[in-house]
Amino acid sequence: MDNLRLWHKFLEAIKPAVGPANFKTYFIKTILKSQSNSTITLNTPSAFIKENLKQKYQTLIENTFEKLLEKKVKIEFMVKEVELEAAPEEFFQPIQTQTSALNPKYTLENFVVGLSNNLAFAAAQAVVQNPGVSYNPLFIYGGTGVGKTHLMLGIGNALAKKAPHFKIIYCSSEKFMNDYVAAIQNHRMGDLRTKYRAAHVLLIDDIQFFSGREGTQEEFFHTFNELSSRNSQMVLTSDRPPNEIAKLEDRLKSRFQGGLMLDIQFPDFDTRVAILRAKCSEQGENLSEESLKLIASSMESNIRELEGKLIQLLQALKHKNLPSTPENIAPFLTQQIKKNIKLDHKKILDTVCAFFNLSLKDLTGPKRQKELVLPRHMAMYILCEDLNMTVEKIGQLLGGRDHTTVMHGRDRIKQLINSDREVQRLLIEVRQKAIS
Ligand code: ADP
Ligand code: MG
């Protein structure tokens, strides 16, 4: 098993045993550096973490590895060294650096690591430690707004800092294509080659756009080979794995697959909360844990949009001069939902049932168990608030209930949203599901 896979398996195995807080503090930014016969070397981000891992977790770590590898192992701890290994002389040609194109906002330090992206993050760290050696190319793929560009620029910025003499080129795949087309038109292929093939680090974003561009692919293939033979690091991103990119030459696919391919998944709830926390502190804002959770539960996938929503929300609250409490945030999140989407009652009832794992018969039936009452009240509240249905009509829909019962249910939820965080969150999640 290679280092990254083993480390990933290890993390999955150890997480429940150490709990989320310790997991985050001690494990997530540590990486497995090497494994030889029976010794596993872990690279820790600081001496502090190294000491803690040793004192608190050495046995647990050993046992966990032993289970995974089915043999006895010894663990060695190191603190990550930042020095670059000596590189061959010709690597240091005084070529003008291109780092100005790297947006300094995106770094590895401010990249929040969670289960959805820790493998890709570990690979990024490995690349920074040993550019051109460990994983070449590093191919990162995943959906929109999951952090691919951020991670890639994080690598670029870290390398620029560590090795200021490196010529680092970051470009979108469009930029590469446009440069190629312009070079052909102006008969300046030589310049193009000088530019790209001189890179010590080449970062190309959204390479799926090479699809169907034969000339560009041809040129890139030669660039790739040249860089690869000189051990220049390449990092590529795409919204899908190479074999799913249509009209991409087989030889490029196999080159891409020859390095390390990793995906970034949509972030889980905890990671979304952590990202929001980080973005807030970047803005100099300090939201409570409950507020962050509330916002995190209002959106499941795209971090870019989640971030946008956070900023809008902070602005709206500032504008109205309201403190950013859950009570003030909740209406904003639901308002937005209401504004954008047309809902119908059937969809809402179906969603409530699916969410709470009930049948429509249960929801509308006469039984009054606790497990049925909360979902029923929520349905009443949502139908009332989001669809402006009359309480009489809602009563009919919910199995012929009296309108006073509906009013009671609706008001109960109104009250709970202000006092019960769990209900607040459930409500937002149900609404979110109903519109998606
Ligand atoms: P992609 O390239 O995958 O479409 P981006 O890298 O542009 O996504 O990320 C979208 C936004 O989300 C950026 O503002 C980025 O900083 C933020 N983001 C994504 N993942 C993370 C993360 N793990 N930690 C911090 N910010 C993140
Ligand atoms: Mg991107």
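Criteria and cut-off values
Residues numbered from 1 in each chain as written. Chains lettered and ligands numbered in written order. Predicted model: local features only at pLDDT ≥ 70, side-chain atom pairs only at ≥ 80, totals over all residues. Heavy atoms only, no water. Helix = DSSP H or I, 4+ residues; strand = E, 2+ residues; numbered from the N terminus. Expected span 1.5 Å × (residues − 1). Bend = angle between axes of the 7 residues up to and from the residue. Contact = heavy atoms within 4.5 Å. Pairing = 2+ DSSP bridges. Axes fitted to C-alpha atoms, helices over the stretch in contact; angles between N-to-C directions. Near = heavy atom within 4 Å. Polar contact = N/O pair within 3.5 Å; in protein donor to acceptor, adjacent residues only side chain to side chain. Areas by Shrake-Rupley, 256 points an atom, 1.4 Å probe, with all protein chains shown as cover. Nonpolar A, V, L, I, M, F, W, Y, C, P; charged D, E, K, R; others polar. Domains from an automatic or database assignment. Salt bridge = Lys/Arg side-chain N within 4 Å of Asp/Glu carboxyl O. Right-handed = clockwise from strand over helix to strand, strands pointing away. Parallel < 35°, antiparallel > 145°, perpendicular 65-115°, else oblique. Buried < 20%, exposed > 50% of the residue type's maximum accessible area, 1.4 Å probe, protein only.

Peer 1: What should I look at first to understand helix α2 (residues 47-69) in this one?
Peer 2: Spacing of three or four residues puts side chains on the same side of an α-helix, whose turn is 3.6 residues. Along its 23 residues, α2 runs just 27 Å from first to last C-alpha, ending more than 12% under the 33 Å computed at 1.5 Å per residue. By the largest-angle criterion, Y57 marks the main kink of α2, which is about 80°. Here the buried face of α2 lies against α1 (3-27), β1 (31-36), β2 (39-44) and β3 (74-79). Within two residues after α2, E70 carries a phi angle of roughly 55°, on the positive side.

Peer 1: Quick question: what am I supposed to make of the sheet that holds strand β5 (residues 168-172) here?
Peer 2: Pairing between the strands of a sheet comes from backbone hydrogen bonds, and it takes one of two forms, parallel or antiparallel. Spatial strand order, β5-β6-β7-β4-β8: 5 strands in an open sheet with parallel pairing. Looking at strand neighbours, the two that pair on one side only are β5 and β8 (260-264), the edges of this open sheet. Across the sheet, the axes of successive neighbouring strands diverge by a mean angle of 15°, strand direction being ignored. In terms of strand pairing, strand β4 (residues 138-142) meets strand β7 (residues 233-238) through 4 bridges, oriented parallel. Opposite L138, over in β7, you have V235 as the bridge partner.

Peer 1: It is not clear to me how the site of ligand 1 should be interpreted in this structure. Could you clarify?
Peer 2: Around ligand 1 sit 18 residues, and of these V112, G145, T149, H150 and E307 come closest. A distance of 2.7 Å separates an oxygen atom of ligand 1 from a polar backbone atom of G145. At a separation of 2.7 Å, an oxygen atom of ligand 1 approaches a polar side-chain atom of H150. Within the complex, the protein chains bury 94% of what would otherwise be the 560 Å² of accessible surface of ligand 1. Within the residue set of the shell around ligand 1, elements represented by two or more residues are α4 (148-162), α9 (269-282) and α11 (303-319). A per-class count over the shell around ligand 1 returns 6 nonpolar, 8 polar and 4 charged. Counting residues domain by domain, the shell around ligand 1 receives three or more from each of domain 2 (93-264) and domain 3 (269-337).

Peer 1: How should I be thinking about the pattern of salt bridges in this particular structure?
Peer 2: Pairs may arise between side chains of opposite charge once their charged atoms sit close together. Applying the stated criterion across every chain yields a total of 17 salt bridges. Of the charged contacts, one joins E285 and K318 as a salt bridge, the two residues approaching to 3.2 Å between their closest N and O atoms. Here K318 lies in helix α11 and E285 lies in the loop between α9 and α10 (289-297), a separation of 33 residues in the sequence. Shared partners join several salt bridges into a network, and the residues in it are K175, D179 and K195.

Peer 1: So what exactly am I meant to see when it comes to α1 here?
Peer 2: For α1, which comprises 25 residues, the first-to-last C-alpha distance of 15 Å sits more than 12% below the rise-based estimate of 36 Å (1.5 Å per residue). If you look at α1, its biggest bend is around 120°, right at G19, and the proline P20 turns up within four residues after that.

Peer 1: Whenever I open this one, the pairing of β3 confuses me. Can you help?
Peer 2: Remark: a regular strand shows side chains that alternate across the two faces of the sheet. Both β2 and β3 contribute to a ladder of 6 bridges, which runs parallel. Opposite T44, over in β3, you have V79 as the bridge partner. Once the chain exits β2 it traverses α2 before rejoining the sheet at β3, and the crossover so formed is right-handed.

Peer 1: I would appreciate a short explanation of the packing of helix α15 (residues 370-387) against helix α17 (residues 403-419) in the present structure.
Peer 2: Packed helix pairs are specified by the crossing angle of their axes together with the interaxial distance, meaning the distance between the axes. Closest axis-to-axis distance for the α15/α17 pair is 8 Å, and the angle between their directions is 95°. When the axis of α15 is compared with that of α17, the two are roughly perpendicular. Residues L374, H377, M378, M380, Y381, C384 and E385 of α15 pack against T405, V406, H408, G409, R410, R412, I413, K414, L416 and I417 of α17. Of the residues that constitute the contact of α15 with α17, the class distribution is 9 nonpolar, 4 polar and 4 charged.

Peer 1: Can you walk me through unusual backbone geometry in this structure?
Peer 2: Leave glycine aside and you will find that most residues have negative phi; peptide bonds, for their part, are mostly trans. Following N136, the chain continues into P137 via a peptide bond in cis, with omega recorded as 0°. Checked against the element boundaries, P137 lands in the loop between α3 (118-129) and β4. If you check the backbone angles, D206 has positive phi at about 60° while not being a glycine. For D206, the location among the structural elements is in the loop between β6 (201-205) and α7 (214-229).

Peer 1: Sorry, what's going on with the environment of Q312 here?
Peer 2: With respect to the helices, strands and loops of the structure, Q312 is situated in helix α11. On the basis of relative accessible area, Q312 is assigned to the partly exposed category, the value being 42%. With 244 residues separating them in the primary sequence, Q312 and L68 have C-alpha atoms 46 Å apart.

Peer 1: Quick question: what am I supposed to make of the sheet that holds β2 here?
Peer 2: Strand order in this open sheet of 3 strands is β1-β2-β3, and the pairing throughout is mixed. For this open sheet the edge positions go to β1 and β3, each flanked by a neighbour on one side alone. The mean angle between the axes of side-by-side strands here comes to 25°, regardless of whether they run parallel or antiparallel. Most of the contacts of α1 go to β1, to which it runs at about 115°, and overall it touches β1 and β2. Most of the contacts of α2 go to β3, to which it runs at about 145°, and overall it touches β1, β2 and β3.

Peer 1: Got a minute to help me understand the domain arrangement of the protein chain in this structure?
Peer 2: A common way to state how big an interface is: give the accessible area lost once the parts meet. Looking at the assigned domains, one finds that the protein chain contains domain 1 (3-79), domain 2 (93-264), domain 3 (269-337) and domain 4 (345-435). Of note, the centres of domain 2 and domain 4, computed from C-alpha atoms alone, are 50 Å apart.

Peer 1: What's the story with the side chain of Q208 in this structure? I'm lost.
Peer 2: By secondary structure assignment, the location of Q208 is in the loop between β6 and α7. Within the local environment of Q208, its side chain forms a polar contact with the backbone nitrogen of D239, the two atoms lying 3.1 Å apart. Every residue in contact with Q208, bar those within four places of it in the chain, is listed here: T237, S238, D239, R240 and I245.

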